[in-house]
Amino acid sequence: MAPVDREDPSYELRHSAAHVLAQAVKEMFPEAKLGWGPPHDRFENGFYYDFDLPRPLTPEDLPEVEERMRQIVREDHPFRYRVVGAGEARELFADQPYKLETIDELEEGKDEYGEARLGGAVISTYTQDAFEDLCLGPHLERTGQIPVDGFKLLDVSGAYWRGSEENEMLQRVHGTVWPSREELERYLWQREEEEKRDHRRLGAELDLFSIRPEVGPGLALFHPKGALVRVLMEDYWRERHRAGGYDFVATPHVGRSVLWETSGHLKWYEEGMYSAIAVEDERYYLKPMNCPFHMLIFNGRPRSYRDLPMRFAELGTVYRYEPSGTLRGLLRVRGFTQDDAHLFCRPDQMRAEIDRVLEFCLSFLADYGFGEPKMELSARDPGTPEKYAGSEADWEKAESTLAAALEARGLAYERVEGEAVFYGPKIDIEILDALGRRWQASTVQFDFNLPERFDLTYVGEDNRPHRPYMVHRALYGSIERFFALLIEHHAGALPVWLAPTQAVVIPVAERNLDYAREVSGELAAAGFRTEVDGRQERMNAKIRDAQLQKIPYMLIVGNREEEARGVSVRLRTNENRGMTGLSSFVEHLQEVVGARGGL
Ligand SMILES: [Zn+2]
Ligand SMILES: [Zn+2]
């Protein structure tokens, strides 16, 4: 059980709501056995209570429980605290086996959540109305301080007593409570919207990807439509990198242990890696990062100051061990493709290189239609210089370069001292989605460690070896994760340039089918992704199906359109754009796709 934070200002409110919930359930089921119900954070401002009941609760029971809770709140009972002896407590809770177990523990000096308490535990209860519960508090003063329209029960689920599979399965009722109705409503709206946009749900509905037990947790299969979106993301990435002066490199998925010893991953990161694969008396590891390979490519031949800057880019698929409990759709996976690049430059090139990568990053993200990104500069903790790789002067220069580049572009940023990892300062860029959520995407990260470990050098103008500055950077971060964010941000209605099918042509009658195919053929010839819906279905059903599939354009073609060599345009938003000539529709599509962003 996660430790509870009794200092949290919402603690008393949530805890009091949990007691009121317990009273309400006990009134409905006098024979209920009560577990416990400290506040917790599975849901924001959440509370719960566990019950052993004569029958399973269903979601249909929750309104009645809620109504009883409201009654208890309206009656405005005081929460009364009293200390009881172990003997009295056992009498009070004689028919409550879970409470008796807790009383035994309290006597042993553990608190009600099984945590050891200094100086032994006090056995105490809180009573509201006629309901007395074993409890350490704290609580609000009165039930009436819980806003009568500020709470809601969310669901019922199974929960083992004390979280152990060896114990009884109890029923856990979850709720959320807020200081006002407005805050509750805002939270419920957000929650509903998040569920609607959940990329796992949309991923299945739109047939984009799946995660199958036969493959393993956190390892995704991209289906044809999802893979097409992914390919479009990759194509766009390649196009921009080619134009941006990057060299592409390609590296294997595994490498010998010596590589990961040199890079330090086996020493510092082994618990995040898949275990070794034995081949011909050698141990190989799946790569958790691409960097070491790129270092080898750099130092594979002598480099001159004239070769710099060098920029190696790769869509490199890496594998990391993440505990299964932390995996979530494509947002957190065990195998993912980083859009990785490593920049190598001379000290005099550093500022221009950072300016350039920042500019690249922002224009790249803007093409995906997210809101204003938030920048954070992670700097070292100046109080503990011994914790960091690289010299004082290197850190100074790198941090001030990052700050100057942000300032020169007029970007607001937060500088967080002590946030930097040991090997270098960085800028993290968080994107803003349609629900106001922030997500970490791009990173620009200095590294003073790997160039040292791989002994990277270039020959300077002075004919002597010098260490280059090296920067890791990723724009998407991970393609899988960014894909999930796109789905959630756009609620599955991807911008036209990314939509797997951009337009579906719907003939009004059988006799218009040939013309429909002609329209589709012309759009395909102009480079667009189209389909003809020639099924024997009513037109409205076809329009509805296309909208459910989030296809941006529906082109309706009947006799009128055929005669005029036109199409009638409907949007997935259900907007009717009326008839237009086929050639002007092609022009419109070219314009929209060229502009990227959203539609
Ligand atoms: Zn309590
Ligand atoms: Zn790297």
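Our structure is the block above this text.
Residues numbered from 1 in each chain as written. Chains lettered and ligands numbered in written order. Predicted model: local features only at pLDDT ≥ 70, side-chain atom pairs only at ≥ 80, totals over all residues. Heavy atoms only, no water.

Looking only at helices and strands, one finds 18 helices and 27 strands in the protein chain. The principal-axis extents of the C-alpha atoms in the protein chain amount to approximately 85 × 80 × 55 Å. Per-residue burial over the protein chain gives 52% buried out of 599 residues. Seen as two clouds, the 75 positive and the 104 negative side-chain charges of the protein chain have centres 4 Å apart. (Helix = DSSP H or I, 4+ residues; strand = E, 2+ residues; numbered from the N terminus. Buried < 20%, exposed > 50% of the residue type's maximum accessible area, 1.4 Å probe, protein only. Lys, Arg positive; Asp, Glu negative; His and termini not counted. Charge placed at Lys NZ, Arg CZ, Asp CG, Glu CD.)

Now for unusual backbone geometry. Trans peptide bonds make up the majority, and among non-glycine residues the majority have a negative phi. Along the chain, G137 connects to P138 via a cis peptide bond; the corresponding omega equals 0°. Looking at where P138 falls in the secondary structure, it is placed in the loop between β5 (131-134) and β6 (151-160). Between L308 and P309 the backbone carries a cis peptide bond, its omega angle lying at 0°. In this structure, P309 sits in the loop between α10 (291-298) and β14 (310-319). You will see that D129, though not glycine, has its phi angle at about 55°, which is positive. Take D129: it is sitting in the loop between β4 (124-128) and β5. With relative accessibility at 32%, the residue D129 sits in the partly exposed group.

This part is about the environment of T58. Within the fold, T58 resides in the loop between β2 (46-52) and α2 (62-74). Put simply, T58 and V173 are 115 residues apart on the chain and 9.9 Å apart in space, counted from C-alpha to C-alpha.

Under perfect tetrahedral coordination by four donors, a metal shows angles of 109.5 degrees; under perfect octahedral coordination by six donors, it shows angles of 90 or 180 degrees. Around the zinc ion (ligand 1), the protein contributes the donor atoms H15 (NE2), H19 (NE2) and C135 (SG), at 2.0 to 2.3 Å from the metal centre. Sequence positions of the donors to the zinc ion (ligand 1) reduce to the motif H-x3-H-x115-C. Taken as a pair, H15 and H19 lie in helix α1 (residues 11-28) at a separation of 4 residues, close to a single helical turn. The pair formed by H15 and H19 is uniform in burial state, with each residue classed as buried. (Donors = N, O, S within 2.8 Å, 3.2 Å for Na, K, Ca; no water.)

If you walk across this open sheet you meet the 3 strands as β11-β13-β12, and the pairing is antiparallel. What marks the edges here is a single partner per strand, and that holds for β11 (254-256) and β12 (277-279). Neighbour to neighbour, the strand axes of the sheet diverge by 35° on average, direction disregarded. Bridge count between β12 and strand β13 (residues 282-286): 3 bridges; the pairing is antiparallel. Counterpart to I277 in the pairing with β13 is Y284. (Pairing = 2+ DSSP bridges. Axes fitted to C-alpha atoms, helices over the stretch in contact; angles between N-to-C directions.)

On the basis of which strands lie adjacent, the open sheet formed by 5 strands has the order β24-β23-β25-β26-β27 and mixed pairing. Of all strands in the sheet, those bounded by a partner on one side alone are β24 (530-532) and β27 (576-581). Recorded for the sheet is a direction-independent mean angle of 25° between the axes of neighbouring strands. Each of β23 (503-507), β24, β25 (553-557) and β26 (566-571) is contacted by helix α15 (residues 513-525), which is oriented at about 170° to β24, the strand it contacts most. (Contact = heavy atoms within 4.5 Å.)

At the metal site, the zinc ion (ligand 2) is ligated by C291 (SG), H342 (NE2) and H472 (ND1), and these contacts range over 1.9 to 2.3 Å. One chain supplies every donor to the zinc ion (ligand 2), and in sequence these donors are spaced C-x50-H-x129-H. Highlighted residues: C291 in helix α10 and H342 in strand β15 (residues 335-345), separated in sequence by 51 residues.

Further remarks concern the side chain of D133. Looking at where D133 falls in the secondary structure, it is placed in strand β5. According to the relative accessible area criterion, D133 is buried, its value standing at 1%. At 2.7 Å, the side chain of D133 and the side chain of K99 are in polar contact. Look past the residues within four positions of D133 in its chain and what remains in contact with it is H19, Y49, F93, K99, S124, T125 and Y126. (Polar contact = N/O pair within 3.5 Å; in protein donor to acceptor, adjacent residues only side chain to side chain.)

Time to look at helix α7 (residues 224-243). Taking 1.5 Å as the rise per residue, α7 with 20 residues should run 28 Å; its terminal C-alpha atoms sit 28 Å apart, in good agreement. All of the buried residues along α7 are G226, V229, R230, L232, M233, E234, Y236, W237 and H241. G245 lies just past α7 and shows a positive phi near 80°. (Expected span 1.5 Å × (residues − 1).)

Here the focus is the side chain of S478. Counting through the fold element by element, S478 comes out in strand β22 (residues 469-478). By relative accessible area, S478 is classed as buried at 7%. A polar contact is formed between the side chain of S478 and the backbone nitrogen of R481, at a distance of 3.0 Å.

This paragraph deals with the pattern of salt bridges. For the structure on display, the rule yields 53 salt bridges. With a shortest N-O distance of 2.9 Å, E132 and R82 are connected by a salt bridge. Pair noted here: E132 is in strand β5 and R82 is in strand β3 (residues 80-83), with a separation of 50 residues, a long-range link. Residue R82 is classed as partly exposed on the basis of its relative accessible area, which comes to 32%. (Salt bridge = Lys/Arg side-chain N within 4 Å of Asp/Glu carboxyl O.)

In a regular helix each residue adds 1.5 Å, so 17 residues correspond to 24 Å; helix α11 (residues 350-366) covers 24 Å between its end C-alpha atoms and thus fits that length. Those residues of α11 that fall on the buried side of the exposure criterion are M350, E353, I354, V357, L358, F360, C361, L362, F364 and L365.

Before going further, it helps to spend a moment on the packing of aromatic side chains. Summed over the entire model, instances satisfying the criterion amount to 32 aromatic pairs. With centroids separated by 5.2 Å and ring planes inclined at 85°, the aromatic side chains of Y553 and F585 adopt a geometry described as edge-to-face. Taken together, the residues span a long stretch of sequence, with Y553 in strand β25 and F585 in helix α18 (residues 582-595) at a distance of 32 residues. Look at F585 and you get buried, because its relative accessible area is 2%. Clustering of aromatic rings is evident, with ring pairs tying together Y236, Y246, F360, F364, Y368, F370, Y476, F482 and W497. Here the guanidinium or amino end of R230 rests over the ring plane of F222, the centre of that ring lying 4.8 Å away. Sitting above the plane of the F298 ring, R303 keeps its charged end 5.4 Å from the centroid. (Phe/Tyr/Trp six-rings, centres within 6.5 Å; stacked < 30°, edge-to-face > 60°. Lys NZ or Arg CZ within 6 Å of the ring centre and 35° of its normal.)

This brings us to a nonpolar patch on the surface. A cluster of nonpolar residues, Y81, V83 and V122, forms a patch on the protein surface that exposes about 270 Å² of accessible area. If you trace the backbone, V83 turns up in strand β3. Take V83: its relative accessible area is 53%, and that puts it in the exposed class. (Patch = residues over 30% accessible without salt bridge, like charges linked within 9 Å, V, L, I, M, F, W, Y side chains within 5 Å. Areas by Shrake-Rupley, 256 points an atom, 1.4 Å probe, with all protein chains shown as cover.)

Our next topic: the pairing of β22. Residues in a regular strand point their side chains to alternate faces of the sheet. β22 sits mainly inside the fold: 10 of its 10 residues count as buried. Inspection of the sheet shows β15 paired to β22 by 7 bridges, in the antiparallel sense. Opposite F344, over in β22, you have M470 as the bridge partner. Sheet analysis places strand β19 (residues 438-447) next to β22, joined by 5 bridges and oriented antiparallel. Bridge pairing links V444 to R473 in β22.

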